[in-house]
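# Inside the fold
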Amino acid sequence: YPGEEQAYHACVNVLALDAQRFSGSHAELKNTWWPWGAGLFATSLGPNNACFVMGANHEKGSGWLVNWWWPAVMQKSLIEK
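Everything in this summary refers to the structure shown in the same document. (Residues numbered from 1 in each chain as written. Predicted model: local features only at pLDDT ≥ 70, side-chain atom pairs only at ≥ 80, totals over all residues. Heavy atoms only, no water.)

Turning our attention to the overall build of the chain. Helix and strand counts for the chain stand at two helices and three strands. Starting at the N terminus and walking to the C terminus, you meet the elements of the chain as α-β-β-β-α. In terms of C-alpha radius of gyration, the chain reaches 18 Å, well past the compact-globule figure of 12 Å for 81 residues. Dimensions along the principal axes, computed over C-alpha positions, put the chain at roughly 55 × 25 × 15 Å. Expressed as a percentage of its 81 residues, the buried residues of the chain come to 21%. For the chain, restricting intrachain contacts to residue pairs at least 6 apart in sequence, the fraction spanning at least 24 positions comes to 23%. Once the 5 positive and 6 negative side-chain charges of the chain are each reduced to a mean point, those two points are 8 Å apart. (Helix = DSSP H or I, 4+ residues; strand = E, 2+ residues; numbered from the N terminus. Rg over C-alpha atoms; globule rule 2.2 N^0.38 Å. Buried < 20%, exposed > 50% of the residue type's maximum accessible area, 1.4 Å probe, protein only. Contact = heavy atoms within 4.5 Å. Lys, Arg positive; Asp, Glu negative; His and termini not counted. Charge placed at Lys NZ, Arg CZ, Asp CG, Glu CD.)

Further remarks concern helix α1 (residues 2-23). For α1, spanning 22 residues, the distance from its first C-alpha to its last is 31 Å, which sits close to the expected 32 Å at 1.5 Å a residue. For α1, every residue scored as buried is listed here: His9, Asn13, Ala16 and Ala19. Here the buried residues of α1 occupy an arc of 115° about the axis, which is enough to place them on one side. In α1, the exposed positions angled more than 90 degrees off the buried face are occupied by Glu4, Val14, Leu15, Arg21, Phe22 and Ser23. Trailing α1 by a residue or two, glycine 24 shows a phi angle of about 70°, which is positive. (Expected span 1.5 Å × (residues − 1). Arc of directions from axis to C-beta.)

With that settled, the discussion passes to the sheet that holds strand β3 (residues 64-68). In space, the three strands of this open sheet follow the order β1-β2-β3, with antiparallel pairing throughout. Both outer strands of the open sheet, β1 (41-44) and β3, are each paired with one neighbouring strand and no more. Here the average twist between neighbouring strands, direction ignored, is 25°. Bridge count between strand β2 (residues 50-54) and β3: four bridges; the pairing is antiparallel. Along β3, the bridge assignment pairs methionine 54 with tryptophan 64. (Pairing = 2+ DSSP bridges. Axes fitted to C-alpha atoms, helices over the stretch in contact; angles between N-to-C directions.)

Turning our attention to the side chain of histidine 9. Topologically, histidine 9 is positioned in helix α1. Under the relative-accessibility criterion, histidine 9 is labelled buried at 3%. There is a polar contact of 2.5 Å between the side chain of histidine 9 and the side chain of threonine 32. The contact partners of histidine 9, leaving out residues within four places of it in the chain, are Lys30, Asn31, Thr32 and Trp33. (Polar contact = N/O pair within 3.5 Å; in protein donor to acceptor, adjacent residues only side chain to side chain.)

Below is the structure:
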C-alpha cells in the first residue's frame, strides 16, 4: 500500500520536526521515495470497462497503458478482493 508507506514517512518527519523545534533535538528527516506500487493505477470506467496504467509518476503523460476493457476489469476485480 504505497499511500500508507508515504503517510508513515510523513509521520516520522513530523515527529522529527516537532523534536527539532520543541526539544532542541537534531533529529534527521527521513528521505522518502516513490514506494513500490505508487505508479500502478487500475481505474474503473464503468461496470464493464477499466484501464490499467503502470510506471506513472509525477510527470504528466508518464506511465504505460498496459491493458484495458475486460482484461482490466478482471484485473481490478482480483486486486479488490
